[in-house]
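Descriptive analysis of the structure
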Amino acid sequence: MRRLAGSVATILLASLVIFVLIRLVGDPTHLMLPPEATDDDRALLRQELGLDRPMVVQYATFLFDLLRGDMGESFSYRQPALPLVISMLPPSLMLAGAAMLMAVALGVPWGLLAAYRPDGWADRTGRVFAVLGQSGPPFFVGLLLIRLLSVNWRLLPTSGYGDVTHLVMPAFALSWYSAAGLLRLTRASVTEALRSDYILTARIKGVSDRAVLLRHALRNAALPIITFTSSQFGILLGSAVSIEAVFAWPGFGKLIVDAISQLDYTVVQAGVVVAAVLFIAINLCTDILCAALDPRIRLGS
Amino acid sequence: MSPLLHVETLRIAAGPHAPALVDGISLELDRGKALGLVGESGAGKTLACLALLRLLPEGLHIQDGRIRLDGQELTALTDTEMRRLRGGRIGMVLQNPLSSLNPLMRIGDQIGEAFAVHRGVRWRTALWKLAVEALRAVRIPTPEQRVSAYAHQFSGGMRQRVAITMNIACAPDLLIADEPTTALDATIRLQVLRLLGDIRRERRMALILVTHDLPMVARFCDDVAVMYAGRIVERGPVEAIFANPAHPYTRGLIGATPRLDGRRRLATIAGQPPSPGSIASGCAFASRCDVADAGCRQGRIDLLDLGEQRAAACRKPFARPPAEAAA
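Calculation rules
- Residues numbered from 1 in each chain as written.
- Chains lettered and ligands numbered in written order.
- Predicted model: local features only at pLDDT ≥ 70, side-chain atom pairs only at ≥ 80, totals over all residues.
- Helix = DSSP H or I, 4+ residues; strand = E, 2+ residues; numbered from the N terminus.
- Buried ≥ 20, exposed ≤ 12 C-beta atoms within 10 Å, placed from the backbone.
- Axes fitted to C-alpha atoms, helices over the stretch in contact; angles between N-to-C directions.
- Left-handed = near helix turned anticlockwise from the far one by under 90°.
- Nonpolar A, V, L, I, M, F, W, Y, C, P; charged D, E, K, R; others polar.
- pLDDT = per-residue confidence, 0-100.
- Contact = placed C-beta atoms within 7 Å.

Structural notes on unusual backbone geometry
Residues and elements named next belong to chain B. A positive phi angle, near 55 degrees, is found at Asp70, a position not held by glycine. Examined against the element boundaries, Asp70 turns out to sit in the loop between strand S4 (61-69) and strand S5 (72-73). At Arg139, a position not held by glycine, the phi torsion is positive, near 60 degrees. Given 11 C-beta atoms within 10 Å, Arg139 falls into the exposed group.

Encoded structure:
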């Protein structure tokens, strides 16, 4: 119950901040009307859009409409803002989800091997990858991939939205940074777990190295890994903006960036509220997953 | 009959030329007997025990020596053979029962793991059934309910019982208990020790009890080995050594033990134990010894047979300082 109240407060706060900020940036009527329009024309349009009223009244109206699921009409697209934002979510979620899967599939096993044999080949290559991954911006990696795989080797389409072949490169470029972070974190947490007494006890029992690593060490290292992964999801959605631009991927990020530059208040507001709800949902899933994994976090025990 | 465990000149160090942390210790232990391994922190007690399991910390190795269990040379076994021996024939209980249990695994699964590894039992229901029996054997009340609990739901004493259960589940010939009661309440200590004693008698299991606690050794062990700076300085039957210690260090340890009658002032041993490699020659204890002379600081002083199964690494066994001798 307290969590729910906290979530609602988070959404309210995020919407309030963006509501005020976007209105400080500029007046959309300048962009909506041709340059030769008069001040009277603009005043009329402001009145029509309800922008002439005090900000407090505007926000109250916004909240009231929000309760009914109405977030107003987009200034530039002339259609309801919320369905517009939601319609752009699937490609972005697909991109971020695929990137996330790749990051986990790459970073976790690699980090595990690096922790198992410090200074072994997995650890050495892993260190190089971690530096490259955390210093190479996703859009740059994306450009390199296009040059290499599409232009030189003609293996994958350069850009666009369609089947899996369109997804591979942007997702990989996006996952690069998170994979490097996951590798480092997995290595660190598994290394720490391997030093603990319960690992020694498992070895004393005669448990094989593989079972010690997977059943005991990885499971205990899983909590920070899961928390980190879910926090990366937000970052992934954020950096998806540049990747969506590089690969011409029609997504949520591109929509919001366009909306900001066009001062399309309603779309930006709808986007922020949707993003906030998304993050809260992801955090909730993370907490549930952690509680399922660690009996000490479980409520009521 | 040959002893169950026979350790000869075991030497542990980080490399062939690095200072030895355990410097050529030799031990014998018969089936069903209990050996107390005592000494200050850092004397090499735990390392010596981990070496028996070939589970030394990263970077440390057995440089020299032989370890035979039932005539089988452990240092020559492959990793897989050694793994079968661990938990199967040798068990070890660690000092802190909370950290030695996996916080995310149910107790039944952790005990069951031993049966899965050593008896090839596959199914969880079968493993839990065995775990319940094992818990019942260490007198955990309502074991049927406790198998599904987690470590944090147990009290300290119960946790140590669970840890003991895990390690004796497959009836090992030798159990090493590394300060098994140090982390426990005083009232629980005796219970845990009695439990270890009972199990030892019932199963004819040999026990190595690592401890600082001399009265505990006097009460629960047959033999005692005193370690100082990586070496055994005195060993023999408990009664004989406690009645009349041969090595000045053993005498100091016994003198530093509080007694209930409280008539005698508690003695201390002045100074600190030397760090590994800092003693070039002579007896490592010479600088703290109250009977040492110039001869004690030269050459290598090996264990000297004193008869009655006793041995001490001292040039002047049974010597007393002049003041005490006069009194």
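Alright, that's what it looks like, and here's the rest.
A closer look at the packing of helix H6 (residues 89-116) of chain A against helix H9 (residues 164-194) of chain A
Residues and elements named next belong to chain A. One can describe the packing of H6 onto H9 by two numbers: an axis separation of 5 Å at closest approach and a directional angle of 35 degrees. By crossing handedness, the relation of H6 to H9 is classed as right-handed. In terms of residue class, the contact of H6 with H9 is built from 24 nonpolar, 6 polar and 2 charged.

With respect to the confidence of the model for chain B
Per-chain confidence: chain B averages 87 in pLDDT, with 95% of residues scoring 70 or above. Interface confidence for the predicted complex, expressed as ipTM, amounts to 0.87; the pTM equals 0.81.

A short note on the interface of chain A and chain B
Contacts between the two partners involve 18 residues from chain A, matched on the other side by 25 residues from chain B. When residues of the side of chain A that touches chain B are traced back to their parent elements, those giving at least two are helix H10 (197-204) and helix H11 (209-246) of chain A. For the side of chain A that touches chain B, the leading source of residues is H10 of chain A, giving 6 residues. A class-by-class count of the residues in the side of chain A that touches chain B yields 6 nonpolar, 6 polar and 6 charged.

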